[in-house]
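Listed here are the chains, written in short residue letters.
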Amino acid sequence: MKHVIHSAIDKVYKRKNLKAAADKICRNKGAAGVDEQSIKAWKKDEDRLLSMLQNRLYHDTYRSKPVKRVYIDKPGSKKKRPLGVPTVSDRICQQAVLNIISPIFERYFHEESYGFRPGRSTKSAAGKIEAIRREGYRTGVDIDIKGFFDNVNHEILIKLVRKVIKDRRVLGLIRGWLKAGVMEEGNVRFQISGTPQGGVVSPILSNIYLTPLDIALEQNGYKFVRYADDALILCRSKEEAEKALIFTCGILERMKLQLNEEKTKIVSFEEGFDFLGFHFGKRARGVGTKSLKAFYMKVRKATKRQQGDKPLEKIIENLNPILRGWGNYHNAGRNVGLFTRLDRWVRNRLRSYKWKRWRDRPAKNVKPSREDFQDIGLFSMRSIFRPEENQLCLF
């Protein structure tokens, strides 16, 4: 049963909750914020720092610091993605609030919302898309919201949060994080809209903001799957998809958001399309173009020849998590042939690396075999579909 929270701040600053929040933030590691305090420095003085944070929350003197702007690579692209890195204490405070409000908002979130929710993932979202396809839905609208995280309207968001959280002090904390500002190159810029990507509470705030869109789509009879700000509306015909596009555009305008006209498009299973890193065709799921490009980029970086005198075993040790993680992400589609080709390509990259190390050059031009690589621990993505082929690598 859905309900609201009238008093929550006492649960937020409870020592047990703050310690649990600190433990989670420290496990996730992450960079220092504008105060340059690292996770390691926090851990050294954690008892005192937790007491100070608890005291500030209790006396309502806590004020968040600006987030530090950093840029990270976008998978499969040369562009950079902006992130806002809060200080360690701000991340802990955000996690403490999240611990309390997340279970309550879970009761309000839509069944077809899959992003950043317990027990849900891109793979479960992909499974739902395939289930809807089997029901006879052949067309869809791939929704791309223009600069979503930069354009979230603060007042609309706070109004939505207030429907569930009545505690003014918790609302004040959330408002403070939204308006804390961004520090870049020594200058602080205050924003009137948006939620900085990188904050602990940003995912749940994005789900809160887009829940009215979920409800509107359901009430108008549309099948859809949403993962954070990526959404796919499934339809039975192109005409229905065109109507769904117009309807969605109207809903987003009321939420002070706009569609990215260049990236929003009508797609079909017959022609195939990419979504959430997967490629959906009329019969099966494969690997999306951007995901494959990102894989090539990561492997090339891990196996580049200019790595000093690093032994091949160390290269493989660093490479295995990439192969295992990416392979497991795409283990549900018809990817046996692709994984076999990628395994071969990876081995060739490693052979090239080994040959360039002068001390590893053999007297004769003898290439290490597949079995040789398996013996020194190289993970085979093909083995995901037939595990017995790679038992030596499953450590």
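Located above this text is the structure these notes cover.
Residues numbered from 1 in each chain as written. Predicted model: local features only at pLDDT ≥ 70, side-chain atom pairs only at ≥ 80, totals over all residues. Heavy atoms only, no water.

## Topic: empty space enclosed by the protein
Right, so step 1: Considering all chains together, one arrives at three cavities of 30 Å³ or more under this definition.
Right, so step 2: The computed volume of the largest cavity comes to approximately 120 Å³.
Right, so step 3: Lining the largest cavity are 16 residues, and of these Val 67, Gln 94, Trp 177, Leu 178 and Pro 196 lie nearest its centre.
Right, so step 4: The set of elements that each furnish at least two residues to the lining of the largest cavity consists of α5 (88-105), α9 (168-178) and α10 (202-219).
Right, so step 5: At three residues, α9 tops the list of elements feeding residues into the lining of the largest cavity.
Right, so step 6: Of the residues that constitute the lining of the largest cavity, the class distribution is nine nonpolar, five polar and two charged. (1 Å grid on protein atoms, 1.4 Å probe; cavity = no way out; pocket = protein on both sides within 12 Å on 5 of 7 lines; lining within 4 Å. Points joined across faces, edges and corners; volume = space filled by probe spheres on them. Helix = DSSP H or I, 4+ residues; strand = E, 2+ residues; numbered from the N terminus. Nonpolar A, V, L, I, M, F, W, Y, C, P; charged D, E, K, R; others polar.)

## Section: the sheet that holds strand β11 (residues 285-287)
Right, so step 1: Overall, antiparallel pairing links the three strands, which are arranged β9-β10-β11 in an open sheet. Both outer strands of the open sheet, β9 (273-275) and β11, are each paired with one neighbouring strand and no more. In this sheet, neighbouring strand axes are inclined to one another by 40° on average, regardless of whether the strands run parallel or antiparallel.
Right, so step 2: One ladder, built from three bridges, connects strand β10 (residues 278-280) with β11; its direction is antiparallel. Bridged to Phe 278 within β11 is Val 287. (Pairing = 2+ DSSP bridges. Axes fitted to C-alpha atoms, helices over the stretch in contact; angles between N-to-C directions.)

## Things to note about the layout of surface pockets
Sizing a probe to match a water molecule and rolling it over the atoms shows the empty space that remains.
Right, so step 1: Empty space within the second largest pocket amounts to approximately 520 Å³.
Right, so step 2: When residues of the lining of the second largest pocket are traced back to their parent elements, those giving at least two are α2 (15-28), α5 and α10.
Right, so step 3: It is α5 that contributes the most residues to the lining of the second largest pocket, five residues altogether.

## Focus: the packing of helix α8 (residues 154-162) against α9
A packed helix pair is summarised by two numbers, namely the angle formed by the two axes and the spacing between the axes.
Right, so step 1: At a closest axis distance of 11 Å, the pairing of α8 and α9 adopts a crossing angle of 155°. One way to sum up the angle between α8 and α9 is to call them roughly antiparallel. Handedness of the α8/α9 crossing: right-handed. Facing α8, whose interface residues are His 154, Glu 155, Leu 157, Ile 158, Val 161 and Arg 162, α9 presents Leu 171, Ile 174, Arg 175 and Leu 178.
Right, so step 2: Taken together, the residues of the contact of α8 with α9 break down into six nonpolar, one polar and three charged. (Parallel < 35°, antiparallel > 145°, perpendicular 65-115°, else oblique. Left-handed = near helix turned anticlockwise from the far one by under 90°. Contact = heavy atoms within 4.5 Å.)

## Some words on the environment of Phe 379
Right, so step 1: Of note, Phe 379 is situated in the segment after α15 (370-375).
Right, so step 2: On the accessibility criterion, Phe 379 (4% relative accessible area) is buried. (Buried < 20%, exposed > 50% of the residue type's maximum accessible area, 1.4 Å probe, protein only.)

## Here's the deal with the packing of helix α12 (residues 289-302) against helix α14 (residues 336-356)
Right, so step 1: Two numbers describe how α12 lies on α14: the axes approach to 11 Å, and their chain directions differ by 25°. In terms of their interaxial angle, α12 and α14 are classed as roughly parallel. Helix-helix and strand crossings are classified by hand; for α12 and α14 the assignment is right-handed. For the pair formed by α12 and α14, the contact residues are Leu 292, Phe 295, Tyr 296, Val 299 and Arg 300 on the first element and Leu 342, Trp 345, Val 346 and Arg 349 on the second.
Right, so step 2: Here the contact of α12 with α14 is composed, by residue class, of seven nonpolar, no polar and two charged.

Functional significance is not addressed by these values, which are geometric in nature.
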